[in-house]
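Observations on the three-dimensional arrangement
Letter by letter, the chains look like this.
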Amino acid sequence: VRLLGVWMTRAERERSGLLFVLLALAAMVLVVGRAARDALFLMHFPVTWIAPMWIAYAAVSSVISIAFARALGRWSRSRFAVGFGVGAAASYVVVRVLFARDVLAAYAFFYVWSEVIANLIAVLAWTIAQDYHDARSAKRLFGIIGAGRVVGIVVSGFATGALVRWIGTANMLVLLAVALAAFGGITRFLSSRHPLPIRAGASAERAIEESDASPAPLWRSRYVVTLSASTLILFMVLTIADWQFKAITRSTYPHVDDLAQFMGLFYGTVGLLGLVVQFAVTPNVLA
């Protein structure tokens, strides 16, 4: 079967569709979580408190990422995804209860925790996708599968702008909990329909470790140093711009639902622009 210019078998089409949905759900967790956390946090704390929250996120995510990586290597993908989805969903339900009881610290916790969960579920979604593909099939199918993230950003962004007026900003956490639980359930279904292939052979990293030649230190590579410096500068610019963006939007939208609605529509519009770039501009540039 040919889909968007790519030939697929029936199994590849079904598997790619499920992976597409996983990435869309991961995007939903990111967009809805950011819109809700920014609106709720900025209504209870001054904008100057965002900088300490970023520092807290860096510290918390570093520790949790290490534990995440170790657990990901020990558990089966489906079991880990179910556990992660259910656990994250339960944590959001607890935070929603704390919001109802006006626990101020819950808003600061949610600001950090929502970003941690969004980043980890994106890593988990791509890890699952990678498990099913070698280099050749990835080049052929990852364009379609990866579009799920862009589509998810667009749909969830505009949906947030519409839903927040109906259910309220705080109740968006219930929607996040449902998305996280669905992520685990779909991963379980995917693994039952398409068991992971068994691949033999040591990894490239293990081959390097077992060889007699020791690799040169990374800091001596001009490529690595240049890439690291470029990444540092990029994130410095993004961080400063993000702070300015939140300060301006907070002063423009003084009500929590108005702010959450704007955030959702903004993310949806940016995602729509990204969708156009991915399908119309990027292929021509690469060609």
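Everything here concerns the structure above.
This text gives an overview of the structure that appears in the document.

Basis of the calculations
Residues numbered from 1 in each chain as written. Predicted model: local features only at pLDDT ≥ 70, side-chain atom pairs only at ≥ 80, totals over all residues. Heavy atoms only, no water. Helix = DSSP H or I, 4+ residues; strand = E, 2+ residues; numbered from the N terminus. Buried < 20%, exposed > 50% of the residue type's maximum accessible area, 1.4 Å probe, protein only. Contact = heavy atoms within 4.5 Å. Areas by Shrake-Rupley, 256 points an atom, 1.4 Å probe, with all protein chains shown as cover. Phe/Tyr/Trp six-rings, centres within 6.5 Å; stacked < 30°, edge-to-face > 60°. Lys NZ or Arg CZ within 6 Å of the ring centre and 35° of its normal. Core = buried A, V, L, I, M, F, W, Y, C linked by side-chain atoms within 4.5 Å. Salt bridge = Lys/Arg side-chain N within 4 Å of Asp/Glu carboxyl O. Polar contact = N/O pair within 3.5 Å; in protein donor to acceptor, adjacent residues only side chain to side chain. Patch = residues over 30% accessible without salt bridge, like charges linked within 9 Å, V, L, I, M, F, W, Y side chains within 5 Å.

A closer look at the overall build of the chain
- Within the chain one finds nine helices and two strands.
- The N-to-C order of helical and strand elements in the chain reads β-β-α-α-α-α-α-α-α-α-α.
- Per-residue burial over the chain gives 38% buried out of 287 residues.
- Residue pairs in contact within the chain that sit at least 24 positions apart in sequence constitute 85% of those at least 6 positions apart.
- Total accessible area on the chain is roughly 16,200 Å²; 68% of this is exposed by carbon and sulfur atoms.

A short note on the packing of aromatic side chains
- Taken as a whole, this structure holds 17 aromatic pairs when the rule is applied.
- On the basis of an interplanar angle of 45° and a centroid distance of 4.7 Å, the ring pair of Phe-41 and Tyr-111 is categorised as tilted. Residue Phe-41 is located in helix α1 (residues 10-44), and its partner Tyr-111 is located in helix α4 (residues 104-131); the two are separated by 70 residues in the primary sequence.
- Given a relative accessible area of 0%, Phe-41 falls into the buried group.
- Judged by relative accessible area, which is 2%, Tyr-111 ranks as buried.
- By the ring-pair criterion, three or more aromatic residues cluster together here, those being Phe-245, Tyr-253, Phe-262, Phe-266 and Tyr-267.
- The cationic tip of Arg-37 hangs over the ring face of Tyr-111; the distance from NZ or CZ to the ring centre is 4.2 Å.

Observations concerning the nonpolar core
- Membership of the largest hydrophobic core comes to 70 residues, with the highest contact counts inside it found for Phe-99, Phe-110, Leu-124, Ile-128 and Phe-183.
- Elements that contribute at least two residues to this core include exactly α1, α2 (50-74), α3 (77-100), α4, α5 (135-167), α6 (172-193) and α9 (256-286).
- Here the element with the most residues in this core is α1; it accounts for 18 residues.

Remarks on the pattern of salt bridges
- Evaluated as defined, the whole model comprises eight salt bridges.
- The shortest N-O distance in the salt bridge between Asp-38 and Arg-37 comes to 2.9 Å.
- Here Asp-38 falls in the buried class, since its relative accessible area comes to 0%.
- Here Arg-77 and Asp-131 are joined by a salt bridge, their closest N and O atoms 2.5 Å apart. Remark: Asp-131 occurs in helix α4 and Arg-77 occurs in helix α3; sequence separation between them is 54 residues.
- Looking at Arg-77, the relative accessible area reads 21%, which means it is partly exposed.
- Since its relative accessible area comes to 16%, Asp-131 is described here as buried.
- One network of salt bridges, in which partners are shared, links Arg-34, Arg-37, Asp-38, Glu-115, Asp-242 and Lys-246.

Looking at the side chain of Ser-156
- Relative to the helices and strands, Ser-156 is located in helix α5.
- The class for Ser-156 is buried, based on a relative accessible area of 6%.
- In this structure the side chain of Ser-156 is engaged in a polar contact, spanning 2.4 Å, whose partner is the backbone oxygen of Gly-152.
- Among the polar contacts listed, one links the side chain of Ser-156 to the backbone oxygen of Ile-153, at a separation of 3.5 Å.
- Setting aside chain neighbours within four positions, we find Ser-156 in contact with Ala-27, Met-28, Val-31 and Val-32.

Considering a nonpolar patch on the surface
- A cluster of nonpolar residues, Leu-273, Val-277, Val-281 and Val-285, forms a patch on the protein surface that exposes about 350 Å² of accessible area.
- Relative to the elements of secondary structure, Val-281 occurs in helix α9.

The values are spatial; any link to function lies outside them.
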